[in-house]
Structure formats: structure tokens, C-alpha cells
Amino acid sequence: RFLLLTLNNELCGNTKHRVEFEWGFNNTDIYTFHGFMNRYFGTCRNDIDLYDLLARPDLLPKVMMPKWTRVCLDEFQDANYGIYAISQLILFWQEKLYPFQKTGLSPTQLIIMGDTLQCLYEYSGADRRFITLAPLIYQPAQILITNNAKLKNKFTTLELTQTFRCNIVTGK
């Protein structure tokens, strides 16, 4: 299974439509970051709810999470501390629920997408360092894929091959 998290409902809806109806994939769970927290951890309508959830010392999933082989974090140039904390929470629970040593299932790979030149939400706490310093923040065994960050060993940089955001302007 594949998990994709993005920032807003419009991106989430567009991505769901493409993945499920245009490409025919049925092994992908797609949420906004807040929607993911709402589904698995409790009421989360906004950043206030998110930080309230994250502050709970007894934060446990309310429903069983599936094993995701890959977790994709879209628009990560606009990540704030709460979004970053969600990524850490996912990785923690994936390892806790499906430990590699016991299950033989491969560890969850992390895919981070974003363009540091398009960081729009710095006024509300977004910090592009979450994407530019990802090789230092995340464990080296995880895979980071992005379109513009220059990264070090054990991380892979891929060129952007397709964009869905420009199709309104270009008609493609």
C-alpha cells in the first residue's frame, strides 16, 4: 500500500481522482495531513486541533493502520512543525506495528516532494528547512525523493518528470 498526504482538500481530491479513476490504482490511501490525523488519531480540523493531539502523551491510533510500503509527503516545502511531527508519527507507528525484524516486511520508505522556491506559508509557520535538511532529520535508511534539493548519500534525487498543477494553464 501507498500513503500520500498533501496540504489541502483540492490537491487531495485531484490526486484521488487521477490515481483511482484515471490510472486505476486501488492500493493508495490519500489524505490531507489533517484528514490523516482525523482518521487515525482523533478530531483534527485545523492546526489548533493538530497541536492539541500532538501534545497528548497517550496519543495512540484509534483504528488500525495498514502497512504502507511508501509514504509520500507532498508540498513539503510548506511543512510546519505539526506536519513534520505527523511524518515522524507515521514512521514511528509503521515500525511499531510492523517491525521489520519480526514481520520481514520492508521498512516504510519516505518520499518527500516539494519545491523550496514555492514555499508560500512561511507567514504561518512553514519552514523550508524541513525539506532542505531532510537528509539530516530522517534516518539514512529511508529514501527521500524530491525535485530540487541537493542531497547526500543514501538519498535519491529525481528530476521532476510531470506536474499536475500546471494543466489548467497549459491544457495538458
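Residues numbered from 1 in each chain as written. Predicted model: local features only at pLDDT ≥ 70, side-chain atom pairs only at ≥ 80, totals over all residues. Heavy atoms only, no water.

### Focus: the nonpolar core
For step 1, the next point in the chain: By size, the foremost hydrophobic cluster in this structure holds 31 residues, and its most contacted members are Leu5, Phe36, Met37, Phe41, Phe76 and Ile86.
For step 2, the next point in the chain: Those elements that place two or more of their residues in this core are strand S1 (2-6), helix H2 (33-40), helix H3 (47-54), strand S3 (70-73), helix H4 (81-97), strand S4 (109-112) and helix H6 (129-132).
For step 3, the next point in the chain: In terms of residue count, H4 provides more of this core than any other element does, seven residues in total.
For step 4, the next point in the chain: Once residues within four sequence positions are removed from consideration, Phe76 is found in contact with Ile83, Tyr84, Ser87, Ile112, Met113, Gly114, Phe130, Ile131 and Tyr138.
For step 5, the next point in the chain: In terms of nonpolar packing, the next biggest core, distinct from the first, is built from six residues, Val19, Ile30, Cys72 and Ile111 among them. (Core = buried A, V, L, I, M, F, W, Y, C linked by side-chain atoms within 4.5 Å. Buried < 20%, exposed > 50% of the residue type's maximum accessible area, 1.4 Å probe, protein only. Helix = DSSP H or I, 4+ residues; strand = E, 2+ residues; numbered from the N terminus. Contact = heavy atoms within 4.5 Å.)

### What about helix H1 (residues 9-22)?
Each α-helix winds once per 3.6 residues, and so residues spaced three or four apart point in a common direction.
For step 1, the next point in the chain: The end-to-end C-alpha distance of H1, which contains 14 residues, comes to 19 Å, matching closely the 20 Å that a straight helix rising 1.5 Å per residue would cover.
For step 2, the next point in the chain: Capping the start of H1, Asn8 holds a side-chain oxygen 3.1 Å from the backbone nitrogen of Glu10, two or three residues further along.
For step 3, the next point in the chain: At the C-terminal side of H1, Gly24 shows a positive phi close to 75°. (Expected span 1.5 Å × (residues − 1). Polar contact = N/O pair within 3.5 Å; in protein donor to acceptor, adjacent residues only side chain to side chain.)

### Some points on H2
For step 1, the next point in the chain: Buried residues of H2: Phe33, His34, Phe36, Met37 and Tyr40, and no others. Viewed along the axis of H2, the buried residues span an arc of 160°, placing them on a single side of the element.
For step 2, the next point in the chain: Considering only its buried residues, H2 is in contact with S1, strand S2 (28-32), H3, S3 and H4.
For step 3, the next point in the chain: Positive phi shows up at Gly42, right after H2, with a value of about 140°. (Arc of directions from axis to C-beta.)

### Structural notes on the packing of H3 against H4
For step 1, the next point in the chain: Packing of H3 against H4 brings their axes to within 10 Å, and their N-to-C directions diverge by 45°. Relative to H4, the element H3 lies oblique. Relative to H4, the crossing made by H3 is left-handed. On H4, the residues touching Leu50, Tyr51 and Leu54 of H3 are Tyr81, Gly82, Ile83, Ala85, Ile86 and Leu89.
For step 2, the next point in the chain: Split into classes, the residues belonging to the contact of H3 with H4 amount to eight nonpolar, one polar and no charged. (Axes fitted to C-alpha atoms, helices over the stretch in contact; angles between N-to-C directions. Parallel < 35°, antiparallel > 145°, perpendicular 65-115°, else oblique. Left-handed = near helix turned anticlockwise from the far one by under 90°. Nonpolar A, V, L, I, M, F, W, Y, C, P; charged D, E, K, R; others polar.)

### A short note on the sheet that holds S1
For step 1, the next point in the chain: Across the sheet, which stays open at both edges, the four strands sit in the order S2-S1-S3-S4 with parallel pairing between neighbours. In the strand order of this sheet, the two ends are held by S2 and S4, each with one partner. On average, adjacent strands in this sheet sit at an angle of 15° to one another, irrespective of strand direction.
For step 2, the next point in the chain: As judged from the four bridges shared by S1 and S3, these two strands associate in the parallel manner. Note that in S3 the partner of Leu3 across the bridge is Val71.
For step 3, the next point in the chain: Contacting S1 and S2, H1 runs over the sheet at an angle of about 165° to S2.
For step 4, the next point in the chain: Docked against the sheet, H2 engages S1, S2 and S3, running at close to 110° with respect to S2. (Pairing = 2+ DSSP bridges.)

### Brief notes about the confidence of the model for the protein
For step 1, the next point in the chain: When pLDDT is averaged along the protein, the result is 81; 80% of the residues meet or exceed 70.
For step 2, the next point in the chain: Of all helices and strands in the protein, the one with the weakest mean pLDDT is helix H8 (residues 167-170) (40), whereas H2 scores best (97).
For step 3, the next point in the chain: Below a pLDDT of 50 lies the segment residues 143-158, which in the model reaches 45 contacts outside its immediate sequence neighbourhood of four places, other chains included.
For step 4, the next point in the chain: With pLDDT under 50 throughout, residues 160-172 is counted as low confidence; its partners more than four residues away or in other chains account for eight contacts. (pLDDT = per-residue confidence, 0-100.)

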